[in-house]
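Here's the letter readout for the chains.
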Amino acid sequence: AVAALEKGMVGGFLQTPAAKAIRQLAVNSQDMVDMDRQELVAFLSGSQGVGYAPQSGEIVGILKTMLSTMSKALAESTEAENSAISTYEGMMAA
């Protein structure tokens with residue numbers, strides 16, 4: 001899931017020829033309300049929401065930290081379980 005989020009952070013659709021074609025169509029369209037056209041072109045140009053700061057990088061960082069913490073906890077639990085199994089088998093053999 002983390003890899004998919006990181007891949008999606010690149011701005012996928014806005015970099016495609018399809019987005020450029022839609023932008024050009026919106027600019028040349030006479031059937032759109034001017035405000036809608038401006039908003040669509042701004043979005044497709046990547047200039048919409050000047051005050052918006054994407055949080056996906058922070059979310060990916062949190063997920064990576066969670067993965068690291070859980071992996072460490074799993075390794076410690078597995079080690080403790082294997083130790084308990086060895087102790088049990090030693091007691092049963094005696």
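On a predicted model such as this, the values are computed, not experimentally measured, just so you know.

Student: Explain the environment of M32 to me, please; I cannot follow it from the model alone.
Tutor: In this structure, M32 sits in the loop between α2 (17-28) and α3 (34-45). Overall, M32 belongs to the partly exposed group, its relative accessible area being 28%. Ignoring any residue separated from it by four or fewer positions in sequence, one finds M32 in contact with A26, R37 and L40.

Student: Help me understand the pattern of salt bridges in this model?
Tutor: Note on pairing: side chains with opposite charge can pair once their charged atoms come close. In this structure the tally under the stated criterion is 1 salt bridge. Note that R37 is salt-bridged to D34, the shortest N-O span being 3.2 Å. One end of the pair is R37 and the other is D34, both in helix α3 and 3 residues apart, which spans about a single turn. We classify R37 as buried; its relative accessible area is 15%. For D34, a relative accessible area of 42% corresponds to the partly exposed category.

Student: Any chance you could explain the side chain of R37 here in plain terms?
Tutor: A distance of 3.2 Å separates a polar atom in the side chain of R37 from a polar atom in the side chain of D34. Not counting chain neighbours up to four residues away, the residues in contact with R37 comprise A26, V27, S29, Q30 and M32.

Student: Teacher, can you tell me more about a nonpolar patch on the surface here?
Tutor: Judged by side-chain polarity, I62, M66 and M70 come together as a nonpolar surface patch covering roughly 300 Å² of accessible area. Residue position: M70 is located in helix α4 (residues 56-93).

Student: I keep staring at the confidence of the model for the protein chain and nothing clicks. Help me out?
Tutor: The predicted coordinates should not be examined in detail at positions where pLDDT is low. Taken over all residues, the pLDDT of the protein chain has a mean of 81, while the share at 70 or more is 78%. Within the protein chain, no element has a lower average pLDDT than helix α1 (residues 2-8), which sits at 70, and none a higher one than α4, at 92.

Student: Just checking my understanding: could you explain the packing of α2 against α3 for this structure?
Tutor: Geometrically, a packed helix pair is captured by the angle between its two axes and the distance between the axes. In the contact formed by α2 and α3, the axes pass within 9 Å of each other and the chain directions differ by 155°. The angle between α2 and α3 places the two elements in the roughly antiparallel class. Judged by the sense of rotation from one axis to the other, the crossing of α2 with α3 is left-handed. Contacts from A19, I22, R23, A26 and V27 in α2 reach R37, L40, V41, L44 and S45 in α3.

Student: Explanation requested: the environment of I22 in the structure shown.
Tutor: Within the secondary structure, I22 is located in helix α2. Distance in space between the C-alpha atoms of I22 and V41 is 8.7 Å, their sequence separation being 19 residues.

Criteria and cut-off values
Residues numbered from 1 in each chain as written. Predicted model: local features only at pLDDT ≥ 70, side-chain atom pairs only at ≥ 80, totals over all residues. Heavy atoms only, no water. Helix = DSSP H or I, 4+ residues; strand = E, 2+ residues; numbered from the N terminus. Buried < 20%, exposed > 50% of the residue type's maximum accessible area, 1.4 Å probe, protein only. Contact = heavy atoms within 4.5 Å. Salt bridge = Lys/Arg side-chain N within 4 Å of Asp/Glu carboxyl O. Polar contact = N/O pair within 3.5 Å; in protein donor to acceptor, adjacent residues only side chain to side chain. Patch = residues over 30% accessible without salt bridge, like charges linked within 9 Å, V, L, I, M, F, W, Y side chains within 5 Å. Areas by Shrake-Rupley, 256 points an atom, 1.4 Å probe, with all protein chains shown as cover. pLDDT = per-residue confidence, 0-100. Axes fitted to C-alpha atoms, helices over the stretch in contact; angles between N-to-C directions. Parallel < 35°, antiparallel > 145°, perpendicular 65-115°, else oblique. Left-handed = near helix turned anticlockwise from the far one by under 90°.

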